[in-house]
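Coordinate analysis (summary)
Spelled out, the chains give:
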Amino acid sequence: MQNILEFPEVLRLIEDRSAAFRAAIASAPDLDVQVPTCPDWTLRELAQHLGDGRRRQAAIVAAGPGAEPPARTDPKGAPTAPRDREALDAWLAESTELVLDAMREAGPDRGCWTWWGRSQAPETSGAVARHQIQEIAVHTYDAQLTQGAAQPLPTDVAVEGVDEFLTTVSATTVPWPFKPATIDLHTTEGRSWRLTLNADGVRCDDLAADAEPGDMAMRGAASELVLYFYERVPLDSLETTGDTKPMEQLADWDPNA
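Basis of the calculations
Residues numbered from 1 in each chain as written. Predicted model: local features only at pLDDT ≥ 70, side-chain atom pairs only at ≥ 80, totals over all residues. Heavy atoms only, no water. Phe/Tyr/Trp six-rings, centres within 6.5 Å; stacked < 30°, edge-to-face > 60°. Helix = DSSP H or I, 4+ residues; strand = E, 2+ residues; numbered from the N terminus. Buried < 20%, exposed > 50% of the residue type's maximum accessible area, 1.4 Å probe, protein only. UniProt positions renumbered as here; feature names shortened; annotations may be inferred. Pairing = 2+ DSSP bridges. Contact = heavy atoms within 4.5 Å. Polar contact = N/O pair within 3.5 Å; in protein donor to acceptor, adjacent residues only side chain to side chain.

**A few points about the packing of aromatic side chains**
- Scanning all chains against the criterion turns up 6 aromatic pairs.
- Considering the side-chain rings of Trp-176 and Trp-253, the 5.1 Å spacing of their centres and the 90° angle between planes classify their relative orientation as edge-to-face. With Trp-176 in the loop between helix 5 (155–170) and strand 3 (181–187) and Trp-253 in the segment after helix 7 (245–252), the pair connects residues that are 77 residues apart, well separated along the chain. By the burial criterion, Trp-176 is buried, and Trp-253 matches it.
- Members of the aromatic cluster, connected to one another through ring pairs, are Phe-165, Tyr-228, Phe-229 and Tyr-230.

This is the structure in structure tokens:
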């Protein structure tokens, strides 16, 4: 499978979604309200998570290949986000620039530590960049939802996000412990994939136009699929046909347990 987006476009979308997150934080009347889709966090804590996460990823990409992620250089651990609104916005903007600078320096093909060693995604800075779009985009949705103004993920982000999730998070060479199954996923934007679940693991491929129907099919806008993957919306928000049990099993299964 080929990446949907070229590396410069991936970096542009990281910048775009980061700006959308900052706008949601800047417009929030109260940063100490709970985030419905991240109930353990307030908006301020969500901003802390996103800013520190980008700084951490910048260090990981800059460190290059390794069996473990690099240790934090600050003995105090994660930096604390400023409480002042303007300073917080500047801190978030700096966090984004740090990760973008690290990725520009590394380029898309340099190896670096990742947590997905047994997936279909390569362990490269380019694959990390793809995943960064989705983390930032989904947390932007969380911040918008907290204010009652949630927006669908932009189409280019969402279509990329379906492919990225299936190849990075779902795919694995760990044997599937349940009944073998095939799951077809269709976006209203026109892209389709097939997950094959069997003793070889979970494999994602582009769905051939002439393929026989799988055991289950899911259909929806790409944004709805991504939000389902990240447990922001329920399965019944999508159109499904066939036996939904394999998808429910996949959602609950931890291949590393």
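**Overview of the UniProt feature "domain: MDMPI C-terminal" (unreviewed entry) in the chain**
- Here the UniProt feature "domain: MDMPI C-terminal" (unreviewed entry) sits at residues 156–244.
- The annotated region residues 156–244 carries 26% helix and 33% strand content, and the separation between its end C-alpha atoms amounts to 27 Å.

**Quick word on the pairing of strand 6 (residues 216–220)**
- In terms of burial, strand 6 is largely enclosed, as 4 of its 5 residues are buried.
- One ladder, built from 4 bridges, connects strand 6 with strand 7 (residues 239–242); its direction is antiparallel. Within the sheet, the bridge partner assigned to Met-216 lies in strand 7 and is Gly-242.

**What to know about the environment of Thr-37**
- On the secondary structure map, Thr-37 appears in the loop between strand 1 (34–35) and strand 2 (38–42).
- If sequence neighbours within four positions are ignored, Thr-37 has contacts with Asp-142, Leu-145 and Arg-232.
- Separated by 2.6 Å, the side chains of Thr-37 and Asp-142 make a polar contact.

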